[in-house]
Amino acid sequence: MTQNQREEEEEEEEKRRRKEREEEEESERHLVRWESNGPLPPIPDINFASFLLSVLTQHGGKKALIDAATGKHHTYSDICAMVPRVCANLKAAGVEEGDRVMILSPNHIDYPITTLAIQLLPATCVPVNPTLSPEEVAHIVGVSGVHWAVVEEGVVDLVERVRLLLPNDCLKQVWVIGSSSSHPSLSQLMRGESGNASVLEKDSSRSPGNVAALMPFSSGTTGLPKGVLLPHRSLLTVVMQNKCLRDASKEAGSSRTSVLSRVLLVLPLYHIYANNTNIITLISGGRAVLMSKFSLPDLLGTIEKYKVTYVPLVPHIANYMINSPLLKQYDLSSLMAFASGSAPITPTAAKALTEKTGRGLGIGYGLTETCATVSINSPMVGIKEGSVGRVLPYVEVKIVTPGSREALARGKEGEVWVRGPGVMLGYAPTPTSPPSPWGLQEGGWLPTGDLGYCDKDGFLFITDRIKDVIKVKGFQVAPSEIEAVLQEVEGVEEAAVVGVPSPRLGEAPRAYVVLVPGVPAPSHEALLDYVAARLARHKHLAGGLEFVESLPKNSIGKVLKRRLREDYLKGLKQGDREKGAGLTSKL
């Protein structure tokens, strides 16, 4: 290589670096982050379970975990005694550091103890939805590399069916929460003596590095669930974020701790929303009242019986409450606030819930992949209708042009990207995906797949999912905009809009509507005309409208639009072109 060639290469390299610096500087100008008077405290570099136990021991003999149905409970002292014991006995049984241990159970007071014991070892806890099919659980076992399992007695048969789909030596041991004739019980691990428990707890306080503490599986609304690798620092970020908010609420003259004194968890603990709520409840010295399944009378009765102060919800539970006469039959005077997360709640529903209950509603935005909450819309940090709130401590957000890394200014809509110490290491690799950190971009940024924008005051607005956006003659149509219009109509309980094939338009919006029982129902034509009168022509329901009894949802309440599209396409293949009261003819 000649001297001139070397100089030309060096010059090109310097240009590239200069361009990267300029792009980074431009990106930095558009970042949205928590505003504070000083630097945020560092995230501790320690085993999460060990850290949590050191805090919980301060709460002594107070009740910590209560079974809503039976009143059985564990105190904070119980947790601090049992977690190291279960951990030591898991290790004695052959569970090694870094192993993956599945927990398959509805909400139970032994659930958090099991999770913490696995993490203390440190092994990786893999929480799984117990209502999944054997094939879905087998998929999760295969992706996660699980060799050990703790299951609730009611789902032992499910595990046995899963075993038939797996290699013979895949699950080495299964422990049962409750009793089983074919497997040892978790209570044996809780009672069993191990002289190594105190040593194990001390050893586990060391830094776990990038060992995954938790491997929840994403909701799978657009395909098979993906294993999300969350290190110990992700869970510690949840703790430190809550501390910052607690300190901020004290400065503002309110008390976040009192709101969390008695928390009702009907949301499943295998989901990150409930998992994090349980963490902040325990950190605050509150009581977590656990329901194993949802029914509205049981939920309202539990609030009354246990003087619940705080209830995190998902939108479909909020809608049940809004439309039910049962609200007037229970004493909800202890209740201080609700929260809504996991899926978007409409401004109409949010307003109706606060008006009917007289209680405030905090709205949060986060993902399994971020672990910690990204933003909240609540009196504690400020409220803007239609927003998902201000960005929280330890989180940075930027809006980028979809399909690029170009950062956009405030008010411009694009894809929401998130960065922070709580963000996952990556997805668990599968035969069809690259290894971790698949899903992350350079600099540790997580593209969320959500469309949104930040306003001049730093409030984040989510407008839709990128994959759900409908392309009508080259125009982009956000289903959420049409859904919001439909839900303005009296008698409409829920609506979901998806794009369906159209030879004339490319794609056309099609609506699926659930009506409120016992209320005069609007007609197909009335709803079509209502949308047409309020939205541009390319947003009209040219793909038709269909009344349905319910919308397909996952266990946490997200609408499975993928299934609506698949069912529609199956109908087309079968020649059923009159689906939706003949309105598909408008295609």
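For the structure, check the block above.
Conventions and cut-offs
- Residues numbered from 1 in each chain as written.
- Predicted model: local features only at pLDDT ≥ 70, side-chain atom pairs only at ≥ 80, totals over all residues.
- Heavy atoms only, no water.
- Pairing = 2+ DSSP bridges.
- Helix = DSSP H or I, 4+ residues; strand = E, 2+ residues; numbered from the N terminus.
- Right-handed = clockwise from strand over helix to strand, strands pointing away.
- Core = buried A, V, L, I, M, F, W, Y, C linked by side-chain atoms within 4.5 Å.
- Buried < 20%, exposed > 50% of the residue type's maximum accessible area, 1.4 Å probe, protein only.
- Contact = heavy atoms within 4.5 Å.
- Phe/Tyr/Trp six-rings, centres within 6.5 Å; stacked < 30°, edge-to-face > 60°.
- Lys NZ or Arg CZ within 6 Å of the ring centre and 35° of its normal.

Asker: Which parts of the structure should I look at to understand the pairing of strand β10 (residues 262-265)?
Answerer: Within a regular strand, side chains alternate between the sheet's two faces. Bridge analysis of β10 against strand β11 (residues 287-290) gives four bridges, and the strand direction is parallel. Across the sheet, residue Arg 262 finds its bridge partner in β11, namely Arg 287. Each parallel crossover has a hand, and for β10 linked through helix α11 (residues 272-283) to β11 it is right-handed.

Asker: Is there a simple way to think about the nonpolar core in this case?
Answerer: Among soluble globular proteins, nonpolar side chains are generally buried collectively. Ile 79, Leu 90, Leu 299, Leu 313, Met 321, Val 397 and Leu 460 are the most contacted members of the largest nonpolar core, which totals 115 residues. No other element matches helix α3 (residues 76-92), which puts eight residues into this core. Leaving out residues up to four positions away in the same chain, Met 321 has contacts with Leu 296, Leu 299, Leu 300, Leu 313, Leu 327, Phe 338 and Leu 353. Ranked by size, the runner-up nonpolar core spans 29 residues in total, among them Val 151, Val 155, Ala 212 and Leu 229.

Asker: How should the packing of aromatic side chains be read in this particular structure?
Answerer: How two aromatic rings sit relative to each other is set out by the distance from centre to centre and by the angle between their planes. All told, the structure shown has three aromatic pairs when counted by the stated rule. A ring pair is formed by Trp 148 and Trp 175, whose centres lie 6.0 Å apart and whose planes are at 20°; its orientation type is stacked. Residue Trp 148 is located in strand β6 (residues 146-152), and its partner Trp 175 is located in strand β7 (residues 173-177); the two are separated by 27 residues in the primary sequence. For Trp 148, a relative accessible area of 5% gives the class buried. For Trp 175, a relative accessible area of 4% puts it in the buried group. Seen in terms of ring centroids, Tyr 453 and Phe 461 are 4.8 Å apart; in terms of plane orientation they differ by 0°. Their pairing is stacked. A relative accessible area of 27% means that Tyr 453 is categorised as partly exposed. Lying over the aromatic face of Tyr 427, Lys 226 brings its terminal NZ or CZ to 5.1 Å of the ring centre. Lying across the ring of Tyr 530, Arg 534 places its NZ or CZ 3.5 Å from the centre.

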